[in-house]
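# Observations on the model geometry
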Amino acid sequence: MTLEEKASLLLNSSPAIPRLDIPDYQWWSEALHGFAFHPHATNFPEPIGLAASFNVPLVKSIASAIAVEGVEASRAMVAAGSPLELGAGRTYWSPNLNIFRDPRWGRGQETYGEDPFLTARMGVAYVTGLQGPNPVAPTIIATPKHFAVHSGPESTRHTADVVVSLHDMRDTYLPAFRAAVVEGHAGSVMCAYSAINGQPACANSFLMQDTLRRDWGFKGVVVSDCGAVRDIATAHKYAPDEIVGSAFAIRASMDIECATESLFDRNSFGQSNHYVQAVRTGKLPVAYLDRAVARGLAARIRLGLLEHGNKPAPNPAVINSVKHRALALAAAEQALVLLKNDGILPLDRKDVKIAVVGPLADSRRMMRGNYTMRDTAELPSVLDGLKAAMPQAVITYVPAEESISDGDLVPPSALQTEDGKPGVTMRFYPLKPDGKAAPATLMEKFMRAMTSQVAETPSATQVVPLVNYEVFTQPLLPNGGKAVASGYLVPPVSGTYRVGGRTIVGSFQFGDAPAVAIRNGFNPSVMPVFQTLELEAGKRYPFTFAMQVPALHFGELDWQRISKQPEADLAAAAGNADVIVAVVGINSTLESEESSIKLPGFNGGDRTSLDLPADQLKLLEAAHATGKPLVVVNMSGSAINLDWARQNASAIIQAWYPGEAGGLAVGRAIAGLANPAGRLPVTFYHDVSQLPQVEDYAMKGRTYRYFTGKPVYPFGYGLSYTQFAYGPVIVIRKGAAITVETDVTNTGSRVGDEVAQVYLDFPKVPGAPNVALRGFARVSLAPGEKRRLRFVLTSRDLSSVTPDGTIRVAPGPYRVFVGGGQPGSGVPGSSGRFTISKATTISN
C-alpha cells in the first residue's frame, strides 16, 4: 500500500482501495441495548436495568439477539450502497464497562452499575453474546469502552486529567475490562477522552501498553472515542500539535481513530492527513503505522468482510421478531426492582379502580433510553401496560402539570398532510450556490448550513409518517440546507398541550401563534422547545417545523398533555379510586452524554441533585394527602432520592428506562402477572452531601464497598411478592479455590425468582473493601421448592488490592454471606467462615 492508502484505513470511515479490492468500511456502530441505527430494532432495557436483572444468561441472550438484528441491518445498508453509513459495519462500540461510581454522572445509565464484579460478569456475557461462540471468527466484534476510568463529569471529559491510585485502578476501574478481554476475548477496546495520571487515555502507556497489551495479552483493535485523538493536542495540550498527537496515539498502540471531521465524510483526510504528515516528518516510524493497519485489516478478515462469494438472502423479519419482542418483555420484567410493598401489590382484584398520575405515566420516548433511534410511536406506556394487564379494571388517567421531563413524539395517528392524508409533508431546501468549494467535514457542513441562504424552492418533497430522526438522509441535502415539515396536528383528546420541536437549530410555528426559534448545542441530547395551547379533539391545527440540516439527521415533533389544575384533577380522580399509581422520574435527555442542558438539577448531561423534580415531589405529596394507597413507579437511569416515597408510599417500583416492552412489564408487575425480583446495581443515596466531589476519582466514601453512611436503599436490595429462606452455608476448600454451598427455599405462596448474592468480608488489611460481591445467581422457584446453590470462588475472587496496587489473597479470617442482598440489610441469608493461612499474589 501507499502511505496515503495506509493512513486512510486508520479512520472510522475507511474508504475503499479499489486496486487492492478492499471495500469501504464504517467502524462505528452502537449496540448498548439494541442495534442503534434501525428505527424498528428491538429496544431492550438500558444496561443499568439489565444489570438489575442479575441474570447473566439473559444478558448473553439479548446480546445474541442484537447481533442477529445488527447483521441483517448492516447487510441491507451495504446492499443499498451505503457502506459508510453509521451502523453499516460489524464492529459495535459496546458494552460500556465504566464503573458508575457517582450517581450524578449522566452516562451511568449505559453501565452495569457500581460494582466491578457485577460489571465484569455482565460485560463478559454481553461480549460473548455479540461475538458468538468463536472469537476467531466472530459474528460481531464487541468493543468494551471507555478504557479506562472514565465516569464524568461530562462537561470536562475532553480536558480532565483524573488522578487515580494504583489501588483504585486495579480494585475498581480495570477488573471488568480485564474480564471482557481475558475471559470474553473482546476483539476491540475503545480508549477514552480524559487523561489519567498525566497521560491522555488514547496515548496512555500504563493503560494501553503495560496493562492491555502486555499484562492481558490483547491482540485486537483499539479504537479511539470520537475526537479523543484530536484532544491529545488541542484539549490536553499533551502534544504540540495534532500531527504529534496522532503519532503518540499510534505509538501507544491505538489502531483506529474516530475522527470528528470524518464522521460521515470519507474524503475529509487526503494527502495532508495527520498520519501521513507524522510519518513524513519523522514523528512516527512507518512500522507503527503498519502495525495498526494490519490489526484493523485482520479484524475485518475475521469478520469475513474481505471475502467474496454468495451473500445470504435478506431476512428483514429477524428485526424485532416475535422471539425478540418476547425477550424484551422478559428483560423489562426482570429489570424491575420492588423497593417497598406494604401488601398493596399486586393489584390482582379484577374490578380495582386506579387513578394513574405523573408526567411519565403516558410517556413512550422515555422508555427507550439513549443510543437508539427506535420509533417510539408504537411503544406502550405504563398507562397502556396497566390497561392491557387489567382489562376489567377502571383506570382513570390524570395529566400532570408542566414538568422538565415532558416531551413525547407526536404519533402518526395525530398527523395529517395539507390535503388530509396521513403523515406530514417534508420539503428539503438546499443551500444556494455561493461559489465556494463543497464543505468537506461535518463541522464545515454545520457552519455552512447555519450561515448560508437556502434556495427558494425545494429540491425534494416527501410525505412521511411522522417527524423523527430517520427523516433526514444525506442524499437529500448532501451539503446541508433546511428541511421543513408541515401539516396538521389532530389531537385525539381535548385539553392543554405543550407542543414543539426538538432539533439543533430551527424554528416551530403552531397555528396562529408566533414562530419560536430553536437553538441548541451540537448534540442529540437537546430539549424540545414548547408552546402551551388549548386544543380540541378532532380539530386540525396547522404547524410548520423548520430545521437547519448539517450532515447529522436530527429533528423531532413532540408534545405532552398537561393539566392547569393538577391537584384538583388528582383529588377528583382519587375520590373514585381504590389506589393511585404515580409514574415519576427523569429521562435520558436530562441525564445524558455531554450536552448543553442547564436546568435545575441538571448541567451539561450530568445531575447536580439526586432529588425528583420539584413538581413531581409536590404531585406525590398531593396524592398521599388524598388518603388513598400510593404506588410509586420511578423511571430513571440512576439513583434517585426516594426517601419521601420510602416513608410515605405503600409501594415503590424502580423501573429504569425499560425499553420497548417496559410499559407492559410495569403493568404486568402491578397486576401480579409478573413477580418483580430485580436488585439495585447501584446505591440509592439521600443526597449529594453523602458523596465526595464528582471530580474526585478516589473510591473512598463511594459505592457500597467503601461508603460508610446510611443509604435510602443499598446496592443489591430488592423484594418479591413471595418469601425465601436460606439453609446453612457450607464452605469447602479445594486447592486455591473455595466452594460455597447452601439451600434456598421459596417459603411463600407465589412462584418467584430469588437473586442469591455472595458477599465476602475480608481480613482487616489495608486496601480491602467493607464487603464485596463475589457471586450471584437468579433462580426461579415454585412455592415450597428448594434448590441447592453452589458457588466457586477462585483465588482472584478471594483477592483484595493493597494500597500499592498489588492484587493478593490476604491471610486471615474471612466471612462469606449468601442471601437476598447485602449482609446486615435485613434480607434472608446465611453465613460461613474460613481462614486462609498464606498470602498469594495474583497477576495484574
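Here, every reference points to the structure presented above.
A brief structural summary. (Residues numbered from 1 in each chain as written. Predicted model: local features only at pLDDT ≥ 70, side-chain atom pairs only at ≥ 80, totals over all residues. Heavy atoms only, no water.)

Let's shift gears to empty space enclosed by the protein. Per the counting criterion, the structure on display carries five cavities of 30 Å³ or more. Of the volumes computed, that of the largest cavity is approximately 110 Å³. What lines the largest cavity is a set of 15 residues, and nearest its centre among them are Arg-365, Gly-407, Arg-502, Asn-587 and Thr-589. Of the residues assigned to the lining of the largest cavity, the class counts are four nonpolar, seven polar and four charged. The computed volume of the second largest cavity comes to approximately 70 Å³. Considering the residues around the second largest cavity, the lining is formed by Pro-359, Ala-400, Glu-401, Pro-566, Glu-567, Leu-570, Asp-615, Lys-618, Leu-619 and Ala-622. Contributing elements (two or more residues each) for the lining of the second largest cavity: α15 (566-575) and α16 (614-625). It is α16 that provides the largest number of residues to the lining of the second largest cavity, a total of four residues. (1 Å grid on protein atoms, 1.4 Å probe; cavity = no way out; pocket = protein on both sides within 12 Å on 5 of 7 lines; lining within 4 Å. Points joined across faces, edges and corners; volume = space filled by probe spheres on them. Nonpolar A, V, L, I, M, F, W, Y, C, P; charged D, E, K, R; others polar. Helix = DSSP H or I, 4+ residues; strand = E, 2+ residues; numbered from the N terminus.)

Take the state of the cysteines next. What the rule picks out here adds up to two disulfides. Disulfide pairing places Cys-191 opposite Cys-202 at an S-S distance of 2.1 Å. Disulfide Cys-191-Cys-202: torsion about the S-S bond near 100°, hence right-handed. One end of the pair, Cys-191, is in strand β6 (residues 188-191); the other, Cys-202, is in the loop between β8 (199-200) and α7 (205-215), and 11 residues separate them in sequence. Take the cysteines of the chain that form disulfides and number them in order along the sequence; they join up as 1-2, 3-4. (Disulfide = S-S within 2.5 Å.)

The next subject is unusual backbone geometry. With an omega of -5°, the peptide bond between Lys-145 and His-146 qualifies as cis. Within the fold, His-146 resides in the loop between β4 (141-142) and β5 (161-162). Pro-153 follows Gly-152 through a cis peptide bond whose omega is -5°. You can see Pro-153 is positioned in the loop between β4 and β5. In this model, Asp-21 sits at a positive phi of 60°, which is unusual for a non-glycine residue. Relative to the assigned elements, Asp-21 resides in the loop between β1 (13-14) and β2 (25-26). The exposure class assigned to Asp-21 is partly exposed, which follows from its relative accessible area of 47%. (Buried < 20%, exposed > 50% of the residue type's maximum accessible area, 1.4 Å probe, protein only.)

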